[in-house]
Amino acid sequence: MGSVFSPYYAWARRQGGGVADPENFCALNVALYGKGGKRWTMTERGRQHTSRSAQQFKMGPSSLHWDGQALTIDIDEINVPWPMRVRGRVTVRPEGLCRFVTPLDHAGRHRWGPIAPCSRIEVDMSSPGLSWRGHAYMDSNEGDEPVENGFKDWDWARAEMANGDTNVVYDVRPLTGPGRVVAQRFSPDGSHVAFDAPPRHALPSSGWRIARSMSSEAGHPPEIISTLEDTPFYVRSLLRTQWQSEPVTAVHESLDIPRLVSWPVRFMLPWRMPRRA
């Protein structure tokens, strides 16, 4: 809802004096990587194509449903830019819900908090034909202002630990004031404890020359396993690193916000993010 990546939401805010209805700009982003073929969907839908209640959120033919025990995501989307069906069901079963929320900026206008940082997932896709079971992570970001008003860039990473906990490091560079690093370890029962994030190490830039860095303990520099998503403003990777004396495989992302809000990128985004209003 009100995606920071949506060029349509940005244009509507510009025309509305900085204000637009976030519920008129909703999208379900699906990204699949692997031997079965890469798929990407992020079709944005206007208010007339969405509805929601405390238990359900419908966006066009796709929907999310919470029954108190599991979040069921029914996907019926079209891949972009090459039109291919993306259809299936994802079920996320939290091992415990978490109430941790923290501001990412110094003014408290942007907040992040894991909802179910330790979860199990069941993926059953009919198109493409894929299925697996494994560890999952679910969180929430929200803001009272556009993301470009608060930040220059950030690096974020999360990893499953050997005992089933989930570690997260959020390394944020605000527009004003010092940088902020949030490092938390979450247990399956929803409890959490802060830990000292190890020093930041520079990583090779992405293909689009996005700078990326990663916290890793001394003597164990991070290593890129693969780059999953490489765009002019955002890069998602799998990394090897070490946290709390434990080698881990981490999902990592870097976001360059000046690139995101640049006019060339705003005009390119509709090719990856069509709108149905």
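Above this text is the structure in question.
The present account deals with the structure reproduced in this document. (Residues numbered from 1 in each chain as written. Predicted model: local features only at pLDDT ≥ 70, side-chain atom pairs only at ≥ 80, totals over all residues. Heavy atoms only, no water.)

## Digging into the overall build of the protein chain
Thought 1: Within the protein chain, the secondary structure is distributed over three helices and 22 strands.
Thought 2: Its C-alpha radius of gyration of 19 Å places the protein chain within 12% of the 19 Å reference for a compact globule of 277 residues.
Thought 3: Taken along the three principal axes of its C-alpha coordinates, the protein chain extends 50 × 40 × 35 Å.
Thought 4: Across the 277 residues that make up the protein chain, the buried fraction comes to 49%.
Thought 5: A separation threshold of at least 6 residues defines the contact pool for the protein chain, and within that pool the share at least 24 residues apart is 50%.
Thought 6: Split by element, the accessible area of the protein chain, about 13,700 Å² in all, is 52% carbon and sulfur. (Helix = DSSP H or I, 4+ residues; strand = E, 2+ residues; numbered from the N terminus. Rg over C-alpha atoms; globule rule 2.2 N^0.38 Å. Buried < 20%, exposed > 50% of the residue type's maximum accessible area, 1.4 Å probe, protein only. Contact = heavy atoms within 4.5 Å. Areas by Shrake-Rupley, 256 points an atom, 1.4 Å probe, with all protein chains shown as cover.)

## Thoughts on the nonpolar core
Across soluble globular proteins, nonpolar side chains show a tendency to be buried alongside one another.
Thought 1: Among the nonpolar cores identified, the biggest contains 21 residues, and Trp112, Phe151, Trp154, Trp156, Tyr170 and Phe233 are the most heavily contacted of them.
Thought 2: Residue assignment for this core shows that the elements contributing at least two residues are β13 (151-160), β14 (166-174), β15 (180-186) and α2 (257-260).
Thought 3: Those residues in contact with tyrosine 170, other than ones at most four positions away along the chain, are Leu104, Trp112, Asn141, Trp154, Asp155, Trp156, Arg180, Val181 and Val182. (Core = buried A, V, L, I, M, F, W, Y, C linked by side-chain atoms within 4.5 Å.)

## Here's the deal with the packing of aromatic side chains
Thought 1: Tallied over the entire structure, the rule returns 14 aromatic pairs.
Thought 2: Ring geometry for tyrosine 8 against tryptophan 11: centres 5.8 Å apart, planes inclined by 85 degrees, an arrangement best described as edge-to-face. Here tryptophan 11 and tyrosine 8 lie together in helix α1 (residues 7-15), a separation of three residues that amounts to about one turn.
Thought 3: Overall, the relative accessible area of 24% leaves tryptophan 11 in the partly exposed class.
Thought 4: Geometrically, the ring pair formed by tryptophan 112 and tyrosine 170 is edge-to-face, given 5.3 Å between the ring centres and 70 degrees between the ring planes. (Phe/Tyr/Trp six-rings, centres within 6.5 Å; stacked < 30°, edge-to-face > 60°.)

## What about the layout of surface pockets?
Thought 1: Looking at the second largest pocket, its volume works out to about 180 Å³.
Thought 2: Every residue along the wall of the second largest pocket is listed here: Ala10, Trp11, Arg13, Arg14, Gly18, Pro146, Glu148, Val261, Trp263 and Arg266.
Thought 3: Listing elements by their share of the lining of the second largest pocket, those giving two or more residues are α1 and α3 (263-268).
Thought 4: Among the elements that line the lining of the second largest pocket, the one with the most residues is α1, at four residues. (1 Å grid on protein atoms, 1.4 Å probe; cavity = no way out; pocket = protein on both sides within 12 Å on 5 of 7 lines; lining within 4 Å. Points joined across faces, edges and corners; volume = space filled by probe spheres on them.)

## Notes on the pairing of strand β21 (residues 246-256)
Thought 1: In the sheet, β13 pairs with β21 via seven bridges, with the strands oriented antiparallel. When the bridges of β21 are listed, alanine 159 appears paired with alanine 250.
Thought 2: Of the strand pairs in this sheet, strand β20 (residues 234-243) and β21 are connected by ten bridges, and their pairing is antiparallel. Paired with arginine 240 across the two strands is threonine 249, which belongs to β21.
Thought 3: Connecting β20 to the next strand, β21, in antiparallel fashion are two residues, including glutamine 244 with a positive phi near 50 degrees. (Pairing = 2+ DSSP bridges.)

## Topic: unusual backbone geometry
Thought 1: Residue proline 81 is reached from valine 80 by a cis peptide bond, and omega for that bond is 5 degrees.
Thought 2: Secondary-structure assignment places proline 81 in the loop between β8 (71-78) and β9 (85-94).
Thought 3: Backbone torsion omega between serine 127 and proline 128 reads 0 degrees, so that peptide bond is classified as cis.
Thought 4: Among the secondary structure elements, proline 128 is positioned in the loop between β11 (110-127) and β12 (129-143).
Thought 5: Despite not being glycine, arginine 209 has its phi angle at roughly 65 degrees, a positive value.

## Here we look at the pairing of β12
Thought 1: Taken together, the 14 bridges between β11 and β12 define a ladder with antiparallel strand orientation. Looking at β12, one finds that methionine 125 is bridged to leucine 130.

## Quick word on the sheet that holds strand β1 (residues 26-27)
Thought 1: Spatially, β1-β4-β22 is the arrangement adopted by the three strands of the open sheet, whose pairing is mixed. Of all strands in the sheet, those with a lone pairing partner are β1 and β22 (275-276), marking the two edges.
Thought 2: As paired elements, strand β4 (residues 44-45) and β22 share two bridges and run parallel to each other. Paired with glutamate 44 across the bridge in β22 is arginine 275.

## Here we look at the side chain of serine 6
Thought 1: Within the fold, serine 6 resides in the segment before α1.
Thought 2: Among the residues examined, serine 6 registers a relative accessible area of 1% and is labelled buried.
Thought 3: In this structure the side chain of serine 6 is engaged in a polar contact, spanning 2.5 Å, whose partner is the side chain of glutamate 44.
Thought 4: Excluding its chain neighbours within four sequence positions, the residues that come into contact with serine 6 are Phe25, Glu44, Arg266 and Met273. (Polar contact = N/O pair within 3.5 Å; in protein donor to acceptor, adjacent residues only side chain to side chain.)

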